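Examining the three-dimensional arrangement
Letter by letter, the chains look like this.
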There are 2 protein chains.
Amino acid sequence: MTVSIGNELATPAAPSAGRLRPLGLREISLKPGFWRERQEINRTASLAHIEHWLEKTGWLGNFDAAAEGRLPGARTGREFSDTEIYKLLEAMAWEYGRTGDEALDERYRAIVRRVAAAQEPDGYLNTNFGRPGQAPRYSDLEWGHELYSFGHLIQAGVARARAAGPDELFRVAVRAADHVCEVFGPDGTASVCGHAEIEPALVELYRVTGERRYLDQARLFVERRGNRVLADIEFGRSYFQDDLPVRRAGVLRGHAVRATYLAAGAVDVAVETGDAELLDAVARQWRSTVSRRTYLTGGMGSRHQDEAFGEDFVLPPDRAYAETCAAIGSVMLSWRLLLAQGDPAYADLIERTLFNVIATSPADDGRGFFYTNTLHQRVPGTEPAPDVLVPRAASSLRAPWFAVSCCPTNLARTYASLAAYLATVDDDGLQIHQYAAATVTTTLAGGSPIGCEIDTRYPDEGRVAVRITETPATPWTLSLRVPHWAAGATLDGRPVEPGWARLHRRFAPGDVVVLELPVQPRITAPDPRIDAIRGCVAVERGPIVLCAESVDLPAGVDLNDLRVVPHAEERDGAVVVTGRTVRPPAQDWPYGLALEPVTTGTVEVPLRPYHRWARRGPSTMRVWLPVADGRTE
Amino acid sequence: MTVSIGNELATPAAPSAGRLRPLGLREISLKPGFWRERQEINRTASLAHIEHWLEKTGWLGNFDAAAEGRLPGARTGREFSDTEIYKLLEAMAWEYGRTGDEALDERYRAIVRRVAAAQEPDGYLNTNFGRPGQAPRYSDLEWGHELYSFGHLIQAGVARARAAGPDELFRVAVRAADHVCEVFGPDGTASVCGHAEIEPALVELYRVTGERRYLDQARLFVERRGNRVLADIEFGRSYFQDDLPVRRAGVLRGHAVRATYLAAGAVDVAVETGDAELLDAVARQWRSTVSRRTYLTGGMGSRHQDEAFGEDFVLPPDRAYAETCAAIGSVMLSWRLLLAQGDPAYADLIERTLFNVIATSPADDGRGFFYTNTLHQRVPGTEPAPDVLVPRAASSLRAPWFAVSCCPTNLARTYASLAAYLATVDDDGLQIHQYAAATVTTTLAGGSPIGCEIDTRYPDEGRVAVRITETPATPWTLSLRVPHWAAGATLDGRPVEPGWARLHRRFAPGDVVVLELPVQPRITAPDPRIDAIRGCVAVERGPIVLCAESVDLPAGVDLNDLRVVPHAEERDGAVVVTGRTVRPPAQDWPYGLALEPVTTGTVEVPLRPYHRWARRGPSTMRVWLPVADGRTE
């Protein structure tokens, strides 16, 4: 086995083929600004907060109990709790790779020792299965999450190998992967896990090690699923995408995290095996899903019951599920498609999702999180007690930890590796996908060093300046994504259309290229097929979805009794819409002849970024605002 | 113990106090017409269908296995499956009381023998708990459903005692009730069951037996709940109404079946103990729930995840849960409030619920059922296989049986006792609440015999003729409910207002009183606070909610691309709305500038009763239709 000590590939997904090549975490880093601030909160607060809760709940202690023969009696947490430790380790691996923080590495290695001690001689590792008194290994593929758990273990090991070189965790991951290939290989158990994740993980392990069997195994898992290899369940086999083979499906469906993870793994397999049909199938599913099953925020999955996509256009803002982890799965998927195909639409969705879900979930202090991300809060929530496990769906205020606590650790690994999603290179130059203050030092595909400084106060301001710091003498192409909403954008003063703004020329160090994106507020209306928000508009500003929050309204005004004029303007740095308040009808039965509600006054409503909501105590909130004349289509 | 052999009280709820006295099943019977047809299907087809499935699934066999010491190994079904047998027995008891069908009684007694054989010496009876290898009795009050199960056992025993006199099942029920009082009495376990039902059951047993301890125990259960006596769960304690004491709550909340059953039991306790505060509290909750948390169909409970009420005005038509059992619970509650307080608004809701949920659920052949009753079907469902258990929430087409199969048996007992909900008497006369062809022979509170024949083709036609067949010579009052929607109604040609139309006079045999209810189609708009149906109208005709179904549309017209003129008319017996079809925008992202969809044509859309939908194969369906000019408020 050859393992690349891959500092140059220290990036979450490193395909060996495709239109664009990702940058490693030492090739691109964030400078102070919107995302760096959040990444630092993740590093300095969230990682320790997560570690604290993993100890407090005993989920980390499960590994000690395993090593010491105290299972199953001593076990705590859900069947998939091991994965929270793996995702924390992945986050720590990226952070160490990025910062070289030795104190952090010490904590990382202490946890890895405890994890490694629990691995069984044949490579199997799971604190919930296989011991006397526990369910046998792989006895519950539908719900047991064993392969899902291996997937996160492998991702953590891969992250470490890429960020700092292979270590004990990486070797644990390799042994686990070998075990999986043995048990589930071509001659083994012909099934899959109820929750996808092993698929992209095995492809990444293939990419790090060059071991073809991992790729073959991932492909086997992708191909098996959809052939009704799992038992039927109350939610139907679509819940875990076992209703239709990936290459035949037309849209993402079922559990949104499972769906996006599986699709990401399918892209990985398609790219590494040159399977254009499979890649096209996933790209087609992405387009259907984005055009019919995605919230304005980029959130995916409208249903609480099964954390699942609804039917086309079933996107109710109240009780929107829009799980934080599904947003992360969406970014994983869009990023892989972007690398494979180069279409800036993928980066558009990543931007929307980052600014409106990934930035929304964490509390300002990094010690609380939204699990779900509703677009309409009707009743003010209650502040969660700081020391209590909150059920996952209680999303009215950010909570420190959850009974199912996948989102905090998933955010941690995402923030730690966030810079990787900003830019790529190809044979011909550099592509900047996401706008944040950052430093880039990389090489073009041909080997020429290239560097630039990106300066911007985006998304507050629309100006992005790219200053070339290192460049070959020969011409190359600088490509800047113009977001789909950015009508009126200019590049060095010349109008550019949404899509790619490309400059092909010779550059010299010191050259500055300026992209201006129009970030004045704009009115957005929904597709008329989305019944739940008929007669409403939203206001956006640049990539930011805005919302109205009760704490900004005059006393006595109920957010649900507002009717707005579909026009927004910016005054003294605040976006304001004008509206009237109406008195709802007093009635014993809420259906009858059409009633024109009585207007009781006019009001100016300041709108705030959606990602800032519920940071000033309990409140009600709306993204979609009913319009005063009732017409939006 | 005195047991009234209560043929004259053969009715589901027989309070000893209150404004109105119910009629027994031998005092009122249905004649051919809308409801009699359905009651006959229930009797001739559904009862045998249910019995078949209870045998096939082994849920009935669980009792044999218990008696023969084959549990837990041989047990099948969910923890509450015993209750389906009890609800079938209740249905059979009412049917036998009504018809005297000896073959049915034979089947009933055969099942009762099997149930009785499983009762333990101390009165405990549950096939899922308490044996070696099973969870201990009452070890899981949150989810175990043991007291809920006793509640249905007692209701079945009470039904039999009332309909035909006390029998073996009644004695089993009494022993079970004594056991419950022993274990959960004032000095016993101070808790409640996660699913209410024991409360109304114990009050009915008190009513039959006169044993005060059953009433005291019911009151204890009602008073204990809401004081956080159950453990917290993911859905919160409101799920089983343990968040707030009944007398302090302002609205029904949590699991809709649990909520309505509990409220029904609280009314029973309040009436029997003269607790005006408790009665007022439940009446207040009923009003809030009806004005803010009830679907146009009368359906209750909008959430799939926890089968629960949503927040005020969260009533999405797509994926409306509106469980059939919650509608039955709603009828139980409204009926008890009607008997206690005499307000015709309660009968209005019963009518709406009967015609639009209870009549919707069963298939025409009585061998399939809706578990949930959505108001908007976006994608045609698939025909369930005739021999397969369907998950409960798969509501696109009626299914023969469910993994959780509470609704078929609940419908069976409701249809079997349906005539009881039509009329009442009080000191002064007779009240007719629901209009169906029926024969009434009863006595006024003073003891005077009174009788009438009700003739009507309601709801197809609005004419209701009441012909007096027996009457005292002294004046009395005939009260006819004028539904809240019936503006323009007449009584013997004179205009009457919604509410009570009362005739106080001397009657003679042969007198005919004619109520004319206007059943022409009418447009209904929603309260503007119900976001999910903004910009839509529904069409109703008398008590019937209408809907548009794809199978009635011209080929190629998508139900979701209709915009209607808010006007409906009746032509040749069919209700028709006129609308235009629009071409939805083709877009990669479903949010943007306001788009006026292109009108592609005009179309006439026939509307059918909602209760008739999905009887002609897979289809899409809408109750709420977007209006063409976008304005409804």
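Given the structure is predicted, the values throughout are model-derived calculations rather than measurements.

Residue and element names in this part refer to chain B. Mapping S619 onto the fold places it in the loop between strand 20 (598-609) and strand 21 (621-622). There is a polar contact of 2.7 Å between the side chain of S619 and the side chain of E549. Among all residues touching S619, those that are not within four sequence positions of it are Q377, V379, P380, G381, E549, S550, V551, W613 and A614.

Here we come to the interface of chain B and chain A. Counting residues at the interface gives 64 residues for chain B and 64 residues for chain A. Summing the contributions of chain B and of chain A, the shared interface buries around 5200 Å²; its carbon and sulfur component is 51%. In this structure, the connection of chain B to chain A is made through four salt bridges. When the shortest N-O distance is used, the salt bridge between R378 of chain B and D531 of chain A registers 2.6 Å. Run the count over chain B and chain A and you get 16 residue pairs in polar contact (both at pLDDT 80 or more).

The next point concerns the environment of D426 of chain B. Residues and elements named next belong to chain B. One can find D426 in strand 4 (residues 423-426). Sequence separation between D426 and F240 is 186 residues, and the spatial gap between their C-alpha atoms is 35 Å. The contacts of D426, once residues within four sequence positions are left out, are R19, L20, Q431, L444 and A445. A polar side-chain atom of D426 sits 2.9 Å from the main-chain amide nitrogen of D428. Side-chain polar atoms of D426 contact the side chain of Q431, separated by 3.0 Å.

A word on helix 7 (residues 198-209) of chain A. Residue and element names in this part refer to chain A. Along its 12 residues, helix 7 runs 16 Å from first to last C-alpha, staying within 8% of the 16 Å computed at 1.5 Å per residue. Most of helix 7 is tucked away, with 12 of its 12 residues classed as buried. Taken as a whole, helix 7 has its buried residues at I198, E199, P200, A201, L202, V203, E204, L205, Y206, R207, V208 and T209. Residues of helix 7 that are buried in the fold lie against helix 5 (146-164), helix 6 (168-184), helix 8 (212-224), helix 9 (256-273) and helix 11 (324-341). Downstream of helix 7 by a residue or two, G210 has a phi angle that is positive, lying close to 75°.

Residues and elements named next belong to chain B. With six bridges joining them, strand 7 (residues 449-456) and strand 8 (residues 463-470) adopt antiparallel strand pairing. For E453, the partnering residue across the bridge sits in strand 8 and is R467. Adjacent in sequence and paired antiparallel, strand 7 and strand 8 are bridged by six residues. As judged from the five bridges shared by strand 8 and strand 13 (residues 512-516), these two strands associate in the antiparallel manner. Bridging across to strand 13, A465 finds its partner in V514.

Turning our eyes to something else, we now look at unusual backbone geometry. With an omega of 5°, the peptide bond between L71 of chain A and P72 of chain A qualifies as cis. With respect to the element layout, P72 of chain A can be found in the loop between helix 2 (61-67) and helix 3 (82-99). Phi at E307 of chain B is positive, roughly 50°, even though this residue is not glycine. Along the chain, E307 of chain B turns up in the loop between helix 10 (276-292) and helix 11 (324-341). Backbone geometry at F313 of chain B places phi at a positive 70°, although glycine is not the residue there. Inspection of the secondary structure assignment puts F313 of chain B in the loop between helix 10 and helix 11. Here F313 of chain B falls in the buried class, since its relative accessible area comes to 5%.

What follows concerns the relation of the copies chain B and chain A. Relative to chain A, chain B is turned by 180° and slid 0.0 Å along the rotation axis, the superposed coordinates differing by an RMSD of 0.0 Å. Given the turn and translation reported, the copies of this chain are related as if by a two-fold rotation axis. Interface overlap between copies is the fraction of interface residues in one copy that are interface residues in the other; for chain B against chain A it reaches 100%, indicating a shared surface.

All right, on to the pairing of strand 9 (residues 476-482) of chain A then. All names here are of chain A. Most of strand 9 sits inside the fold, with seven of its seven residues counted as buried. Burial of strand 9 is two-sided: the residues W476, L478, L480 and V482 facing one way and the residues T477, S479 and R481 facing the other way are all buried. Both strand 5 (residues 429-432) and strand 9 contribute to a ladder of four bridges, which runs parallel. Residue pairing in the sheet places Q431 in a bridge with S479 of strand 9.

Our next topic: the packing of helix 10 (residues 276-292) of chain A against helix 12 (residues 344-358) of chain A. Residues and elements named next belong to chain A. It is the contact of helix 10 with helix 12, at a shortest axis distance of 12 Å, that shows an interaxial angle of 45°. In this view, helix 10 runs oblique relative to helix 12, as classed from their interaxial angle. Crossing hand, helix 10 versus helix 12: left-handed. Facing A283, W286 and V290 of helix 10, the residues of helix 12 in contact are A345, Y346 and L349.

What the rule picks out here adds up to 48 aromatic pairs over all chains. Ring centres of F370 of chain B and W613 of chain B lie 5.5 Å apart, and the angle between their planes is 25°; on these two criteria the pair is classed as stacked. Here F370 of chain B, found in the loop between helix 12 (344-358) and strand 3 (376-377), pairs with W613 of chain B, found in the loop between strand 20 and strand 21; they are 243 residues apart in sequence, far enough to count as distant. We classify F370 of chain B as buried; its relative accessible area is 1%. The class for W613 of chain B is buried, based on a relative accessible area of 1%. By way of ring pairs, the aromatic residues F34, W35, F355, Y415, Y435 and Y458 of chain A are connected into one cluster. Over the ring of F34 of chain A we find R38 of chain A; its NZ or CZ atom is 3.6 Å from the centre of that ring.

On to the pattern of salt bridges. Taken as a whole and assessed by the stated rule, the structure comprises 120 salt bridges over all chains. As a salt-bridge pair, K31 of chain A and D455 of chain A come within 2.9 Å of each other at their nearest N and O atoms. In this pair, K31 of chain A sits in the loop between strand 2 (28-30) and helix 1 (34-56) while D455 of chain A sits in strand 7 (residues 449-456), placing the two residues 424 residues apart along the sequence. Given the relative accessible area of 19%, K31 of chain A is considered buried. Classification of D455 of chain A as partly exposed rests on a relative accessible area of 36%. Across the pair D216 of chain B and R212 of chain B runs a salt bridge, and its minimum N-O distance is 3.1 Å. Residue D216 of chain B and its partner R212 of chain B are both found in helix 8 (residues 212-224); the two are separated by four residues, about one turn of the helix. The exposure class of R212 of chain B is partly exposed, given its relative accessible area of 39%. Each of R36, E40, R43, E95, R98 and D101 of chain A takes part in salt bridges that share partners, so that together they form one network.

What follows covers helix 13 (residues 406-416) of chain B. For an α-helix the count is 3.6 residues per turn, leaving residues at separations of three or four pointing the same way. All names here are of chain B. For helix 13, the buried fraction is high: 11 of the 11 residues fall into the buried class. Looking only at helix 13, the buried set comprises C406, C407, P408, T409, N410, L411, A412, R413, T414, Y415 and A416. Contacts from the buried residues of helix 13 go to helix 1 (34-56), helix 3 (82-99), helix 5 (146-164), helix 9 (256-273), helix 11 and helix 12.

Residue and element names in this part refer to chain A. Between helix 6 and helix 8, whose axes approach to 10 Å, the crossing angle comes to 50°. The pairing of helix 6 with helix 8 is recorded here as oblique in orientation. In the crossing of helix 6 with helix 8, the sense of the turn from one axis to the other is left-handed. Taking contact as the criterion, the partners of V174, A177, D178, V180, C181 and F184 in helix 6 are, on helix 8, R213, Y214, Q217, L220, F221 and R224. Per-class residue counts for the contact of helix 6 with helix 8 are eight nonpolar, one polar and three charged.

This next bit is on the sheet that holds strand 6 (residues 438-443) of chain A. To summarise the sheet geometry, strands pair through backbone hydrogen bonds and adopt either a parallel or an antiparallel arrangement. Taking strand neighbours across the sheet as the criterion, the seven strands line up as 2-6-7-8-13-10-11 (chain A) in an open arrangement whose pairing is antiparallel. At either margin of the open sheet sits one strand with a lone partner, and together these are strand 2 and strand 11 (494-495) of chain A.

A few words on the environment of C536 of chain A. Residues and elements named next belong to chain A. Position of C536 among the secondary structure elements: in strand 15 (residues 536-541). Judged by relative accessible area, which is 1%, C536 ranks as buried. C536 sits 87 residues away from V623 along the chain, and the two C-alpha atoms are 9.3 Å apart.

Here we take up the nonpolar core. Among the nonpolar cores identified, the biggest contains 214 residues, and W35, I85, L89, L147, F150, L430 and V623 of chain A are the most heavily contacted of them. Beyond its immediate sequence surroundings of up to four residues, F150 of chain A is in contact with G123, Y124, L125, Y138, A176, H179, V180 and I198 of chain A. A201, V269, A412 and V513 of chain B belong to the second-largest nonpolar core, a separate cluster that totals 213 residues.

Rules used in this analysis
Residues numbered from 1 in each chain as written. Chains lettered and ligands numbered in written order. Predicted model: local features only at pLDDT ≥ 70, side-chain atom pairs only at ≥ 80, totals over all residues. Heavy atoms only, no water. Helix = DSSP H or I, 4+ residues; strand = E, 2+ residues; numbered from the N terminus. Polar contact = N/O pair within 3.5 Å; in protein donor to acceptor, adjacent residues only side chain to side chain. Contact = heavy atoms within 4.5 Å. Buried area = accessible area lost by both parts, 1.4 Å probe. Salt bridge = Lys/Arg side-chain N within 4 Å of Asp/Glu carboxyl O. Expected span 1.5 Å × (residues − 1). Buried < 20%, exposed > 50% of the residue type's maximum accessible area, 1.4 Å probe, protein only. Pairing = 2+ DSSP bridges. Least-squares fit on C-alpha atoms with pLDDT ≥ 70 in both. Axes fitted to C-alpha atoms, helices over the stretch in contact; angles between N-to-C directions. Parallel < 35°, antiparallel > 145°, perpendicular 65-115°, else oblique. Left-handed = near helix turned anticlockwise from the far one by under 90°. Phe/Tyr/Trp six-rings, centres within 6.5 Å; stacked < 30°, edge-to-face > 60°. Lys NZ or Arg CZ within 6 Å of the ring centre and 35° of its normal. Nonpolar A, V, L, I, M, F, W, Y, C, P; charged D, E, K, R; others polar. Core = buried A, V, L, I, M, F, W, Y, C linked by side-chain atoms within 4.5 Å.

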